[in-house]
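Each chain, letter by letter, is given below.
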Amino acid sequence: MRYSALALLRGALSGHRNWPPVWRSPEPRAQYDVVIVGGGGHGLASAYYLAKNHGLSNVAVLERGWLGGGNTGRNTTVVRSNYLYPESARLYDFSLRLYEGLARELNFNIMLSQRGHLMLAHSRHDLESMSRWANTMLMHGIDAKLLTRDEVGALVPALDLSGEARYPVLGAFMQPRAGTARHDAVAWGYARGADRLGVDIIQNCEVTGFVKDANGHVTGVDTSRGRILAPRIGIAAAGHSSVLAKLAGFSLPVVSYALQAMVTEPVKPRLDTVVISPGTGAYVSQSDKGEMVIGASLDLFPSYAQRGSFGVLQGVLGATLAMFPSFSRLRLMRQWAGIVDVVHDSSPIIGPTPVPGLYINCGWGTGGFKAIPVGGWTFAHVLATGRSHELAEAFQLERFVTGRLIDEAAASGIAH
Amino acid sequence: MMQLNCPWCGPRDENEFVCGGTTHIDRPALGADDTQWGRYLFFRDNPKGVHLERWRHASGCGQWFNMARHTVTHAVLAVYRLGEPPPAAGKS
């Protein structure tokens, strides 16, 4: 059904007892045209655009746990496109533009809030590199501006700008169109959209192996719910990409790390933008519920445990309280980590693998949420046509052999 | 916080150490082609399980050493010196 004010009124008149499920839970069929492994944002968006842009609806999304239960439900919901190199700028701004129209397109409120994203400069050198960065973005047609210290104070009154501040703020670099979106809603919206176009979404279905023919071409997957055949298979499994790649017989230039986030108890509106301090490794925004959402830098040792270590937690909270002394009395409600797939140049891999018929969308590292729409759009393109989308041409696995890396370590936001 | 057992200083908190990634990576021969060189530089097993890795006691003695550690439980299964062969715990 289509959501609207009228539908809400009808629901209210019947006591909200008759809302249909948002998507079906079908039994897996024996065969599909395309199977996508991973029911997070990227996998679901890929399925949606396969059906919508390419008319392929005989598609299944296989998810080991529940939809959006991995990094899609564990990020800090920030969307932005303040990247440095032209290839990345095009990619991420396409994503942000899709986000801007997504609630209408999916008929599902993703609660996009373009509240702006401020990156603090703590030294003259920060200011210089930020002015280069902002100018590069403007040349790519992406909004960016530099703020003086006073302008930062006017926008973020909670920030400590006094002379005693542990980390003095000299100014900031801002992308006004950046902001936050509700992460669950993005997964659910794409799931509902894909389901309505005929895609089968199958949860609690773990891939345990890949089936290949005599030529080494992938022909299907073995799962905890039986064998499912498909001539084209896409992996969108973020931190578990290497595990699936190993099952399929190849390796990736990926290392999995835990990335932490945490929320405080909800309070009244205090912070209406996203503030990041790359120098200290902390960033903060306030959710619509009122919680302060705090993101940390990576726990810098390989990990598949979805929890962070106490050392990093201490560091990020210290930095947050140095910036926002008034947050010191807030209680922390929850802390968790997602397993992120970090590659050497902090840029994604969207394309074929060494196994014919098997494609991969990975390497988004600490910044996959903002890229869900474009990740899905370009991954669907290569799955449907066998050719890279022009936005994804530079983001292929072979760049780790040719050496043509796109090093976005700085723009990926948080310390690697 | 993990406690790591520096072979020279004994058990210390994790934030005194820096992880240097996978250990026992053989540098290819001088005549290596781009594929071999790329694999050497960038491609890693990234196991969900026992990982053989090198660490440095950066805020202590400054020495490098090897460790076998489980990447899900973070349990340290063995600590051994650089140049030593991996212990049985790492050969899963």
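Rules behind the numbers
- Residues numbered from 1 in each chain as written.
- Chains lettered and ligands numbered in written order.
- Predicted model: local features only at pLDDT ≥ 70, side-chain atom pairs only at ≥ 80, totals over all residues.
- Heavy atoms only, no water.
- Contact = heavy atoms within 4.5 Å.
- Buried area = accessible area lost by both parts, 1.4 Å probe.
- Salt bridge = Lys/Arg side-chain N within 4 Å of Asp/Glu carboxyl O.
- Polar contact = N/O pair within 3.5 Å; in protein donor to acceptor, adjacent residues only side chain to side chain.
- Nonpolar A, V, L, I, M, F, W, Y, C, P; charged D, E, K, R; others polar.
- Helix = DSSP H or I, 4+ residues; strand = E, 2+ residues; numbered from the N terminus.
- Axes fitted to C-alpha atoms, helices over the stretch in contact; angles between N-to-C directions.
- Parallel < 35°, antiparallel > 145°, perpendicular 65-115°, else oblique.
- Patch = residues over 30% accessible without salt bridge, like charges linked within 9 Å, V, L, I, M, F, W, Y side chains within 5 Å.
- Areas by Shrake-Rupley, 256 points an atom, 1.4 Å probe, with all protein chains shown as cover.
- Left-handed = near helix turned anticlockwise from the far one by under 90°.
- Core = buried A, V, L, I, M, F, W, Y, C linked by side-chain atoms within 4.5 Å.
- Buried < 20%, exposed > 50% of the residue type's maximum accessible area, 1.4 Å probe, protein only.

### Description of the interface of chain A and chain B
Working step 1: With 26 residues of chain A at the contact, the number on the chain B side is 24 residues.
Working step 2: In total, about 2000 Å² of surface goes out of reach between chain A and chain B, with carbon and sulfur atoms giving 59% of it.
Working step 3: Inspection of the region where chain A meets chain B yields 0 salt bridges.
Working step 4: At the junction of chain A with chain B, the criterion picks out 11 residue pairs in polar contact (both at pLDDT 80 or more).
Working step 5: For the side of chain A that touches chain B, the class distribution of residues is 15 nonpolar, 9 polar and 2 charged.

### Looking at unusual backbone geometry
Note on backbone geometry: most residues besides glycine have negative phi, and most peptide bonds are trans.
Residues and elements named next belong to chain A.
Working step 1: In the Ramachandran plot, Asn107 falls in the positive-phi region, its phi being about 55° despite a non-glycine side chain.
Working step 2: With respect to the element layout, Asn107 can be found in the loop between α4 (102–106) and β4 (117–121).
Working step 3: A positive phi angle is found at Ser346, which is not glycine, with a value near 55°.
Working step 4: Topologically, Ser346 is positioned in the loop between β17 (332–343) and β18 (349–352).

### Things to note about the packing of helix α3 (residues 86–100) of chain A against helix α10 (residues 372–385) of chain A
Residue and element names in this part refer to chain A.
Working step 1: One can describe the packing of α3 onto α10 by two numbers: an axis separation of 7 Å at closest approach and a directional angle of 105°. In terms of their interaxial angle, α3 and α10 are classed as roughly perpendicular. For the pair α3 and α10, contact is made by Leu91, Phe94, Ser95, Leu98 and Tyr99 and by Ile372, Pro373, Val374 and Trp377, respectively.
Working step 2: Looking at the contact of α3 with α10 residue by residue, the class counts come to 8 nonpolar, 1 polar and no charged.

### Brief notes about a nonpolar patch on the surface
Working step 1: Together, A:Met1, A:Leu8 and A:Trp19 give the surface a local cluster of nonpolar side chains, amounting to about 290 Å² of exposed area.
Working step 2: Its place among the elements puts A:Leu8 in helix α1 (residues 5–13).

### A word on the packing of helix α2 (residues 41–54) of chain A against α10(A)
Residues and elements named next belong to chain A.
Working step 1: Running from N to C, α2 and α10 cross one another at 55°; their axes reach a closest spacing of 7 Å. For the element pair α2 / α10, the angle class is oblique. Of the two possible hands of crossing, α2 and α10 adopt the one that is right-handed. Contacts between α2 and α10 involve Gly41, His42, Ala45, Ser46, Tyr49, Leu50, Asn53 and His54 from the first element and Ile372, Pro373, Gly375, Gly376, Trp377, Phe379, Ala380, His381, Leu383, Ala384 and Thr385 from the second.
Working step 2: In the contact of α2 with α10, the residues fall into 10 nonpolar, 9 polar and no charged.

### Here's the deal with the nonpolar core
Working step 1: Ranked by internal contacts, the top residues of the largest apolar core, which has 51 residues, are A:Leu50 and A:Tyr190.
Working step 2: Breaking this core down by element, the ones donating at least two residues are β1 (34–37), α2, β2 (59–62), α3, α4, α7 (183–196) and α10 of chain A.
Working step 3: If you look at the next biggest cluster of nonpolar residues, it comprises 32 residues, including A:Val37, A:Leu244, A:Ala248 and B:Phe42.

The values reported here are purely geometric and, on their own, carry no functional implication.
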